[in-house]
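Fold and geometry: a report
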Amino acid sequence: MHTTDTTITVRYFGLLAEHIGIGEERLQFPTGTTVQQVRGSLCERHPALRNLKYRIAVDTSLPADGAIIDGCAELALLPPFAGG
Amino acid sequence: MHTTDTTITVRYFGLLAEHIGIGEERLQFPTGTTVQQVRGSLCERHPALRNLKYRIAVDTSLPADGAIIDGCAELALLPPFAGG
Amino acid sequence: MSTTEKTTKLKNIFIDGAITPERIATSIANHQTKTGIGAHDIFLGQVRADTIGTSTVSAIDYTAHTEMANTEMQKIREEAFSRFDLTCMHVYHSLGAVSAGGICLFVFVSSPHRQAAFDACRYVVENIKERLPVFGKELFAGGGHQWKENR
Amino acid sequence: MSTTEKTTKLKNIFIDGAITPERIATSIANHQTKTGIGAHDIFLGQVRADTIGTSTVSAIDYTAHTEMANTEMQKIREEAFSRFDLTCMHVYHSLGAVSAGGICLFVFVSSPHRQAAFDACRYVVENIKERLPVFGKELFAGGGHQWKENR
């Protein structure tokens, strides 16, 4: 089955940027990709992520793992928060 | 039965000073006088006190009505608190 | 310990007139060398221009039984330090007239962690309101007054 | 309302480096014309010189997903105003390095009455800690670092 790919900016924050070695990159994802699938494909791309705790933000919110990322401007991988 | 009188400073605060017209006075009380008895004798002396809400401090504490005031340096009549 | 010795150790919480933002800033700055502190909670009481009937409060004129208030404040302070994990506590209350909008109470507590700071600040403020013999004459714009009473 | 319109309305809570006592004083002074306010509660987060093993924290270097943090802060603000009787709320958080003893978080809530101020301040601080994507690299005196994680 043919799917169209979209190019999306993926940002890495804090500890994750340190481990991966970059702050952001542009990646292609097929139409209909879920947050869960993003997690899987990023773990393959950056094995360091396997042992790290993070949440995936789609634009400025934290959707459920089943949510589809179509139409978003960017993804952000967020390690544990430490504000305040 | 003979009792010795002690002279004690009685201070009136806030609303009470306004109603009575003085901030303090020196009064004689017999040895063994209780806080309850002070209340009675001050109400006779200053009838305005009958309708006013206040507590009696003996030096810097608020003893029970049955406490004896012997040996205290001063009494203070305190209307409702309004700090803060 | 004699009464006199105890009295001379008492901190005086009262200052004349409104508490200025500059005083608060100085107090905060004084804590920046205490690097075990992680959380400060500051409560400020401000005089409200309440309307009662047709009158509006323009200022509160504060008086207090200062010896008793300072003695009671010392007890509250000891209670707070024994109940909560505190590094510091500072309290100031105005005496005399404070105009509407002015600050009349400044409670400043500091702790390694935020829960202790929050809990202690509330404890101290509630106990100040309930236990300190401080009296407030609400002065109305255009004359007249009424005596404030804490709820 | 388009996303762009909504974004331009967002307040930016982030400032570079430590929050100064002077900024806090100015913020307090700006509220003295608001004579419906009776109570302010101010929370300040201060960087602790924690000791981890043989290392001591000399500073925290803060980064954040600022667009998301400002968006989430706007939600927390709306929640606080709907839950508590508030007059004002102001929040600032540091970005970049803040040395031990420096202030990295300033939450300032004001209300006619103290209970709302206390409740709202705590609500806002807890939600900031839990929900804002802010990251802190604890820099050790003499080199090395570890990443902070809120409990």
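Note that the structure is a prediction, hence the values are computed from the model and not measured. (Residues numbered from 1 in each chain as written. Chains lettered and ligands numbered in written order. Predicted model: local features only at pLDDT ≥ 70, side-chain atom pairs only at ≥ 80, totals over all residues. Heavy atoms only, no water.)

Assigned secondary structure in chain A consists of two helices and four strands. If you list the helices and strands of chain A from N to C, you get β-α-β-α-β-β. In terms of overall dimensions, chain A has C-alpha extents of about 45 × 25 × 20 Å along its principal axes. A total of 84 residues make up chain A; the buried ones form 48% of that total. The long-range share in chain A, meaning contacts at least 24 apart out of those at least 6 apart in sequence, stands at 52%. Only carbon and sulfur atoms are counted for the fraction: they give 50% of the accessible area of chain A, which is about 4,300 Å². Each charge class in chain A can be summarised by its mean position, and for the 7 positive and 9 negative side chains these summaries are 6 Å apart. (Helix = DSSP H or I, 4+ residues; strand = E, 2+ residues; numbered from the N terminus. Buried < 20%, exposed > 50% of the residue type's maximum accessible area, 1.4 Å probe, protein only. Contact = heavy atoms within 4.5 Å. Areas by Shrake-Rupley, 256 points an atom, 1.4 Å probe, with all protein chains shown as cover. Lys, Arg positive; Asp, Glu negative; His and termini not counted. Charge placed at Lys NZ, Arg CZ, Asp CG, Glu CD.)

Residues and elements named next belong to chain D. At their nearest, the axes of helix 3 (residues 66–83) and helix 4 (residues 114–131) sit 10 Å apart, and the two run at 155° to each other. For the element pair helix 3 / helix 4, the angle class is roughly antiparallel. The two elements helix 3 and helix 4 meet at a crossing, and its hand is right-handed. Contact residues: helix 3 offers Glu72, Met73, Lys75, Ile76, Glu79, Ala80 and Arg83, while helix 4 offers Tyr123, Val124, Asn127, Ile128 and Arg131. (Axes fitted to C-alpha atoms, helices over the stretch in contact; angles between N-to-C directions. Parallel < 35°, antiparallel > 145°, perpendicular 65-115°, else oblique. Left-handed = near helix turned anticlockwise from the far one by under 90°.)

This brings us to the sheet that holds strand 3 (residues 55–58) of chain B. Residues and elements named next belong to chain B. Read across the sheet, four strands follow the order 2-1-4-3 without closing on themselves; strand pairing throughout is mixed. The open sheet has two edge strands with one neighbour each: strand 2 (24–30) and strand 3. In this sheet, neighbouring strand axes are inclined to one another by 30° on average, regardless of whether the strands run parallel or antiparallel. Across four bridges, strand 3 lies against strand 4 (residues 74–78) in antiparallel orientation. Bridge pairing in strand 4 places Arg55 opposite Leu78. (Pairing = 2+ DSSP bridges.)

Quick look at the pattern of salt bridges now. Residue and element names in this part refer to chain C. As enumerated under the stated definition, the model contains 20 salt bridges over all chains in all. Across the pair Arg131 and Glu72 runs a salt bridge, and its minimum N-O distance is 3.0 Å. With Arg131 in helix 4 (residues 114–131) and Glu72 in helix 3 (residues 66–83), this pair connects stretches of sequence that are 59 residues apart. An identical accessibility class is assigned to Arg131 and Glu72; each is buried. A network of salt bridges, in which partner residues are shared, links Glu72, Lys75, Glu79 and Arg131. (Salt bridge = Lys/Arg side-chain N within 4 Å of Asp/Glu carboxyl O.)

So, on to the relation of the copies chain D and chain C. One copy of the chain maps onto the other through a rotation about an axis followed by a shift along the same axis. It takes a turn of 180° to lay chain D on chain C, together with a shift of 0.0 Å along the axis; the resulting RMSD is 0.0 Å. In the structure described here, the two chain copies are related by an operation that fits a two-fold rotation axis. A high fraction, 100%, of the interface residues of chain D reappear at the interface in chain C, so the copies pair face to face through one surface. (Least-squares fit on C-alpha atoms with pLDDT ≥ 70 in both.)

In this section: the pairing of strand 2 (residues 39–46) of chain C. The buried fraction of strand 2 of chain C amounts to eight of the eight residues, a majority that puts the element mostly inside the structure. Of the two faces of strand 2 of chain C, the one carrying Ala39(C), Asp41(C), Phe43(C) and Gly45(C) and the one carrying His40(C), Ile42(C), Leu44(C) and Gln46(C) are both buried. As paired elements, strand 2 of chain C and strand 6 (residues 103–111) of chain C share eight bridges and run antiparallel to each other. Directly across from Gln46(C), in strand 6 of chain C, lies its bridge partner Ile103(C). Bridge count between strand 2 of chain C and strand 2 (residues 39–46) of chain D: seven bridges; the pairing is antiparallel.

Right, let's get into unusual backbone geometry. The backbone phi angle of Asp59(A) is positive, close to 55°, even though this residue is not glycine. As for its position among the elements, Asp59(A) is in the loop between strand 3 (55–58) and strand 4 (74–78).

With 95% of its residues at a pLDDT of at least 70, chain C reaches an overall mean of 95. Note on the complex model: pTM 0.94, ipTM 0.94. (pLDDT = per-residue confidence, 0-100.)

On to the pairing of strand 5 (residues 88–99) of chain D, then. Residues and elements named next belong to chain D. With three bridges joining them, strand 1 (residues 14–16) and strand 5 adopt parallel strand pairing. For Asp16, the partnering residue across the bridge sits in strand 5 and is Leu95. Across four bridges, strand 4 (residues 55–64) lies against strand 5 in antiparallel orientation. Within the sheet, the bridge partner assigned to Tyr62 lies in strand 5 and is Gly96. Where strand 5 lies against strand 6 (residues 103–111), six bridges are found, and the strand directions are antiparallel. Within the sheet, the bridge partner assigned to Tyr92 lies in strand 6 and is Phe106.

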